[in-house]
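# Coordinate analysis (summary)
So the chains spell out like this:
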Amino acid sequence: MAGRNYLGEFELMILLAVIRLEEEAYGVPISRELEAYRGRGISVGSVYAALERLEAKGLVSSSLGNPTPERGGKAKRYFRVTSTGLRQVHETRRILSKLWHALPKPKENVLKENVYAQR
Amino acid sequence: MPSADPPSLATWMLEHCTPGLRNDALAGDLLEEFRSGRNDRTRAWYWRQVLAAIAIGCFREILNHRSAMLFAVLWAIVSPAWVVLSNNTEAHSRAFGLMWQMDWPWSTICALASSLAMSLTFVWFGMALYLVPRMSAARSFSMRRLVHGLLQALPMFIAISAVPFALTLLFHSGHGMVDRRTITPLNALTDLRAWAMVERLFNLSILLYGLWRANRLLRKPPKGLPR
C-alpha cells in the first residue's frame, strides 16, 4: 500500500471540529469548539497553522467568504474536509480503536488509586 | 464600557510581523472574537493571540528555510579562515603594497574598500554555492535570477558594514588584540576569540537575511520563460 501520513493529535482535533461545524467552519467557531472540548484556551494562530498544513496535505480545502464591517472589512476563510481528509480521519479512528482495545486492562488497585485521587 | 477596538499596535504587528500565515482572515477572526463581548476576550487576550501568531509564523519560516539556515551557520563558521586568507594575500600582494604607500586618507579608504569587497565576495560566493544547485534542480537557473538573488544580501550588508571596518582595525592593530603573523587559515577555523566570533556573527546575519530573501524570490516562477 502507498505510504500513509498519520495525523497528529492537534490536526485530528481540528479535522473533527471542521467536520462537526460543516458549513460554518472558519477560524472563530473552530477555535471555540476546540476550547470547549479541551477545557482550555487556544491560540487562533496555531489553528490556522494546522489548517494550512492540512490544506497542503489535501485533507481540507478553503474558500473566502465576503468581507464584513464587524471583522474590519476582512473576509472569513471557510474550511471543508476533502474526501481524502475524511478517509484519513476514519483510518486514524480505526487504528486508534484497535490500539485502545489491545491495551491491557489496568490492575484493580491502580483503578482504585485513581478513583481516590480524583475525590 | 470596554473599547470596541483592539490595541492598534497589536493589530499593526499582526498585519506586518506575521510571516506566512493568512493574516487577513486571522486578523478578522481575532477582531470578531474581541468584539464578541465575552468576558475573557480582553486586551490582554488579544495581545497574547497576536504574539502567539507572530511566534508561530516565525517558527514556520525557520522550518521552511532550515536548509538555508544550516548552510548559513556552516558557511559563517568558515569566515575567519577567509579573513586570514585574504589578509595573507594582501600582505604578499604588490597591488596592496602600493595601496599602503598612498597618502592618507586614500590608503585608509582603499583598505576599507578592499575589506568590504573581500567580505562581500565571501558572502556572495557562499550564496552562489547554495543557490545554484537549488535553481538547477528546479530548472529555473539563469544568471539574471542568480544575480537578483545575490543582490538580496546587499541591504543587510550595507546596514552592518561598519563591522568589517572595526574588525579590520582590530585585526591589523599592533596592540596585541590579534597577531596575524601567527594565524593560519586552518587555525582561524577553530579560533573562538572575539574577532572570530564577531566575524562569524556578521556573516551569519547577512547570509540568513540574504538566503531568506533569495529563497522567497526563487519560489516565484521566472518571468518571460515559455511554458
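Along each chain, residue indices are assigned from 1 in the same order as the chain's sequence is written. Whichever chain is written first is A, and whichever ligand is written first is 1; the rest continue in order. Per-residue local features of the predicted model are confined to residues with pLDDT of at least 70, and side-chain atom pairs are confined, for both listing and counting, to 80 or more; whole-chain, interface and lining totals are unaffected and use all residues. Hydrogen atoms and water are omitted, and side-chain values are computed over all heavy atoms in the structure.

## A word on the pairing of strand β2 (residues 74-81) of chain A
Residues and elements named next belong to chain A. Applicable threshold: What makes two strands pair is DSSP finding at least two bridges between them. Secondary structure elements are defined from DSSP: runs of H or I of at least 4 residues count as helices, runs of E of at least 2 residues count as strands, and each element is numbered from the N terminus.
Two elements, strand β1 (residues 60-68) and β2, share seven bridges in a ladder whose sense is antiparallel. Bridging across to β2, P67 finds its partner in A75. A loop of five residues connects β1 with β2, the two strands running antiparallel in sequence, and G72 in this loop sits at a positive phi of about 65°.

## Some details on helix α3 (residues 43-64) of chain B
In an α-helix, one turn spans 3.6 residues; hence positions three or four apart end up facing the same way. Our working rule: Any helix carries an expected span of 1.5 Å times its number of residues minus one. The cut-offs for exposure are 20% and 50% of the maximum accessible area for each residue type, with area from a 1.4 Å probe on protein chains only; residues under the lower value are buried, those over the upper are exposed, and the others partly exposed. Contacts were defined at the residue level, with two residues in contact if any of their heavy atoms lie within 4.5 Å.
An ideal rise of 1.5 Å per residue puts 32 Å on 22 residues; α3 of chain B measures up with 32 Å between its terminal C-alpha atoms. Taken together, the buried positions of α3 of chain B are occupied by W45, Y46, Q49, V50, A53, I54, G57, R60 and E61 of chain B. Those residues of α3 of chain B that are buried lie in contact with α3 (44-56) of chain A together with α1 (8-16), α2 (23-34) and α11 (194-219) of chain B.

## A look at the interface of chain A and chain B
Threshold: Accessible-area loss on putting two parts together, using a 1.4 Å probe and summing over both, is the definition of buried area adopted here. Salt bridge, as applied in this entry: a Lys or Arg side-chain nitrogen positioned within 4 Å of an Asp or Glu carboxyl oxygen. Nitrogen and oxygen atoms within 3.5 Å of one another constitute a polar contact, given that in protein one can donate a hydrogen and the other can accept it, and given that sequence-neighbouring residues count only through two side-chain atoms. Only Asp, Glu, Lys and Arg are considered charged in this grouping, and only Ala, Val, Leu, Ile, Met, Phe, Trp, Tyr, Cys and Pro are considered nonpolar; every other residue, Gly among them, is considered polar.
Between chain A and chain B, the contact holds 24 residues from the first and 23 residues from the second. The junction of chain A with chain B conceals about 1900 Å² of combined surface from both sides, 50% of it contributed by carbon and sulfur atoms. At the boundary of chain A with chain B, the tally comes to seven salt bridges. Here chain A and chain B share 13 residue pairs in polar contact (both at pLDDT 80 or more) between them. With seven residues, α3 of chain A is the largest single contributor of residues to the side of chain A that touches chain B. Among the residues forming the side of chain A that touches chain B, the class breakdown is nine nonpolar, six polar and nine charged.

## Observations concerning the confidence of the model for chain B
Threshold: pLDDT is a residue-level measure of predictor confidence that goes from 0 to 100.
The predicted model of chain B has a mean per-residue pLDDT of 82, with 85% of residues at 70 or higher. Among the scores for the predicted complex, ipTM is 0.82 and pTM is 0.68.

## Focus on the pattern of salt bridges
Inspection of the entire model under this criterion finds 17 salt bridges over all chains. The partner of E33 of chain B in a salt bridge is R32 of chain A, and the shortest N-O contact between them spans 2.5 Å. Of the two residues, E33 of chain B is situated in helix α2 and R32 of chain A in helix α2 (residues 27-38); the pairing between them involves two chains. Judged by its relative accessible area of 2%, E33 of chain B falls in the buried class. In this structure R32 of chain A comes out as partly exposed when scored by relative accessible area, which is 32%. One salt bridge connects D29 of chain B with R71 of chain A, and the closest N-O pair in it is separated by 2.6 Å. Here R71 of chain A lies in the loop between β1 and β2 and D29 of chain B lies in helix α2, a pairing that spans two chains. Overall, R71 of chain A belongs to the buried group, its relative accessible area being 1%. The network of salt bridges with common partners includes R32 and E35 of chain A together with E33, R38, D40 and R41 of chain B.

## Some words on unusual backbone geometry
Residues other than glycine seldom take positive phi values, yet E22 of chain A does so here, at roughly 50°. Residue position: E22 of chain A is located in the loop between α1 (9-21) and α2. With a phi angle near 55°, R139 of chain B is a residue other than glycine that sits in the positive phi range. Here R139 of chain B shows up in the loop between α6 (106-137) and α7 (143-151). R139 of chain B gets classed as exposed once you look at its relative accessible area, which sits at 78%.

## What to know about α1 of chain A
Residues and elements named next belong to chain A. Along its 13 residues, α1 runs 19 Å from first to last C-alpha, staying within 8% of the 18 Å computed at 1.5 Å per residue. The elements touched by buried residues of α1 are α2, α3, β1, β2 and α4 (83-102). Two residues or fewer after α1 comes E22, characterised by a positive phi angle close to 50°.

## Some words on a nonpolar patch on the surface
Residue and element names in this part refer to chain B. As a reminder of what qualifies: A patch is a set of surface residues, each over 30% in relative accessible area and not in a salt bridge, joined within 9 Å for like charges and within 5 Å for the nonpolar side chains Val, Leu, Ile, Met, Phe, Trp and Tyr. Working definition of accessibility: Shrake-Rupley area with a 1.4 Å probe, residue cover restricted to the visible protein chains.
Taken together, the side chains of L70, V73, L74, I77, V78, L186 and L189 define a hydrophobic patch exposed on the protein surface, amounting to about 590 Å² of accessible area. Of all the secondary structure elements, the ones that give two or more residues to the nonpolar patch are α4 (66-92) and α10 (185-189). Among the elements that line the nonpolar patch, the one with the most residues is α4, at five residues. Among the secondary structure elements, V78 is positioned in helix α4. Here V78 falls in the partly exposed class, since its relative accessible area comes to 31%.

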